[in-house]
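Single-letter residue listing:
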Amino acid sequence: MELQPVDLYYEEAGRGIPVVLIHGFPMDHTIWHRLVPLLENEARLIMPDLRGHGRSPVEGRVSSMRLMAEDVVRLLDRLNIDQAIVVGQSMGGYVALAFANAYPGRLAGLGLVASQAAADLPEKRQNRLKQVERIRRRGSALLAESMPAVLSADPNIQQFVREIILKTDARGITAALRGMAERANAEEWLAEISAPAVVIHGGQDALISMEPARTAAQLLSRAWLVELPTAGHMPMMEDPQAVADAIRQLICAVVNCRSD
Ligand code: MLT
């Protein structure tokens, strides 16, 4: 596999243990902004835009999860950070898992938000490839119409994500769809992750159900599950306080502090 990482655009805020926050598809780093005032006293929050998203370069036909993880490692290298807690939302969680698999020594802790470890079933994979063709014809507008209502029931969040999707380059979107379609089943090696982990999942998530999140939490050797009954697929925006509390607990599990 040829891995040619790119320099990612990123923003950072706060001081403390490095926590990388990886957005999902087809979003950008701004989905994490509500967490900044809640965590900036405990953590150095590093919020990249994945390749093909936000202000990062659009590169390549397939944005594999491994390649996107490699971009994150390159970012850590640029920042002289050896180990970090890596938290990913949805596709960002798939990238965090690829990071954990390829660079276990650089993972201090893992957070999966509205994500899963399972690969796509064949039908889902086929649907993604059909979606690639439709987006090639109609551009990002296609997703901007259909996706916001699936991500959250909150009209303000729907509007927020719609604007991000419309700004996202269609080539970045299709490359990420191809990358997600070909991702491996991480459930097979989850038990090997020795770092503390938290799985945060909304009870109203219309994109990824609670079941695979529960399975991920069971398979990870040092994980706990935080269920947020009223949140959908965007818990960091829908219930930022609960997500910040869960990440604070993860930080405590990593640095052995008291969480009360
Ligand atoms: C995401 O929200 O990142 C993606 O929609 C997840 C997926 O399609 O599997």
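Coordinates for the structure precede this section.
For every chain, the first residue of the written sequence is number 1, and numbering continues from 1 along that sequence. Selection of residues for local features in this predicted model requires a pLDDT of at least 70, selection of side-chain atom pairs for listing and counting requires 80 or more, and totals for whole chains, interfaces and linings are taken over all residues. The side-chain numbers reported here are obtained from all heavy atoms of the structure, hydrogens and water having been left aside.

Asker: Is there a simple way to think about the environment of Asp169 in this case?
Answerer: Secondary structure counts use DSSP, requiring at least four H or I residues in a row for a helix and at least two E residues in a row for a strand, with both numbered from the N terminus. Structurally, Asp169 can be placed in the loop between α7 (155-167) and α8 (170-181). Residue contacts are defined here by distance: any two heavy atoms, one from each residue, within 4.5 Å place the two residues in contact. With residues near it in sequence (within four places) discarded, Asp169 still touches Gly52, Val58 and Ser140. For this analysis, a polar contact is any N or O atom pair within 3.5 Å, provided that within protein one partner can donate a hydrogen and the other can accept it, and provided that sequence-adjacent residues contribute only side-chain to side-chain pairs. Reaching out from Asp169, the side chain makes a polar contact with the backbone nitrogen of Arg171 at a distance of 2.8 Å.

Asker: Any chance you could explain the environment of Ile85 here in plain terms?
Answerer: Tracing the backbone shows Ile85 in strand β4 (residues 84-89). A 1.4 Å probe rolled over the protein chains alone gives each residue an accessible area, and that area as a share of the maximum for its type sets the label: buried under 20%, exposed over 50%, partly exposed in between. A relative accessible area of 0% means that Ile85 is categorised as buried. Non-local contacts of Ile85, meaning those with residues more than four positions away in its chain, are made with Ile17, Pro18, Val19, Val20, Ala108, Gly109, Leu250, Ile251 and Val254.

Asker: So what exactly am I meant to see when it comes to the packing of helix α4 (residues 122-138) against α8 here?
Answerer: Geometrically, a packed helix pair is captured by the angle between its two axes and the distance between the axes. Relative to each other, α4 and α8 sit at 165 degrees, their axes nearing to 9 Å. Classified by the angle their axes make, α4 and α8 are roughly antiparallel. Judged by the sense of rotation from one axis to the other, the crossing of α4 with α8 is left-handed. Between α4 and α8, the contacting residues are Arg125, Arg128, Leu129, Gln131, Val132, Ile135 and Arg136 on the first element and Ala170, Ile173, Thr174, Leu177, Arg178, Met180 and Ala181 on the second. Residues belonging to the contact of α4 with α8 are distributed by class as follows: eight nonpolar, two polar and four charged. With axes taken as lines fitted to C-alpha atoms, and helix axes fitted only over the stretch in contact, angles between N-to-C directions fall between 0 and 180 degrees. Angles below 35 degrees are treated as roughly parallel, those above 145 as roughly antiparallel, those between 65 and 115 as roughly perpendicular, and all remaining angles as oblique. Should the near helix be turned anticlockwise from the far one by less than a right angle, the crossing is left-handed, and should it be turned clockwise, the crossing is right-handed. Gly is put with the polar residues, along with every residue not named as nonpolar or charged; the nonpolar set is Ala, Val, Leu, Ile, Met, Phe, Trp, Tyr, Cys and Pro, and the charged set is Asp, Glu, Lys and Arg.

Asker: In this structure, what is going on with the packing of helix α2 (residues 65-78) against helix α3 (residues 91-102)? I would like to understand it.
Answerer: As a packed pair, α2 and α3 sit with axes 8 Å apart at the nearest point and diverge in direction by 75 degrees. Our classification of the angle between α2 and α3 gives roughly perpendicular. Counting all contacts with α2, which are made through Met65, Arg66, Met68, Ala69, Val72, Val73 and Leu76, the residues of α3 involved are Met91, Tyr94, Val95, Ala98, Phe99 and Ala102.

Asker: What is the right way to look at the site of the ligand in this model?
Answerer: In the region of the ligand, the neighbouring residues are Gly24, Phe25, Ser90, Met91, Tyr94, Arg128, Met147, Met180, Leu207 and His233. Interatomic distance of 2.8 Å between a backbone N/O atom of Phe25 and an oxygen atom of the ligand. At 2.8 Å from an oxygen atom of the ligand is found a side-chain nitrogen or oxygen belonging to Ser90. Calculation on the ligand without its partners gives an accessible area of 270 Å², and the protein chains cover 97% of this total. Counted by class, the shell around the ligand contains six nonpolar, three polar and one charged residues. Note on definitions. A residue lies near a molecule or strand when any single heavy atom of the residue is within 4 Å of it. Method for areas: the Shrake-Rupley scheme with a 1.4 Å probe, in which residue coverage is limited to the protein chains shown.

Asker: What is the right way to read the state of the cysteines from this model?
Answerer: Note: disulfide means a covalent bond formed between the sulfur atoms of two cysteine side chains. Defined by distance alone, a disulfide is two cysteine sulfur atoms within 2.5 Å. Within this structure, the stated rule accounts for one disulfide. Paired by a disulfide, Cys252 and Cys257 hold their sulfur atoms 2.1 Å apart. Around the S-S axis, the bridge from Cys252 to Cys257 shows a dihedral of about -100 degrees and counts as left-handed. For Cys257, a relative accessible area of 38% puts it in the partly exposed group.

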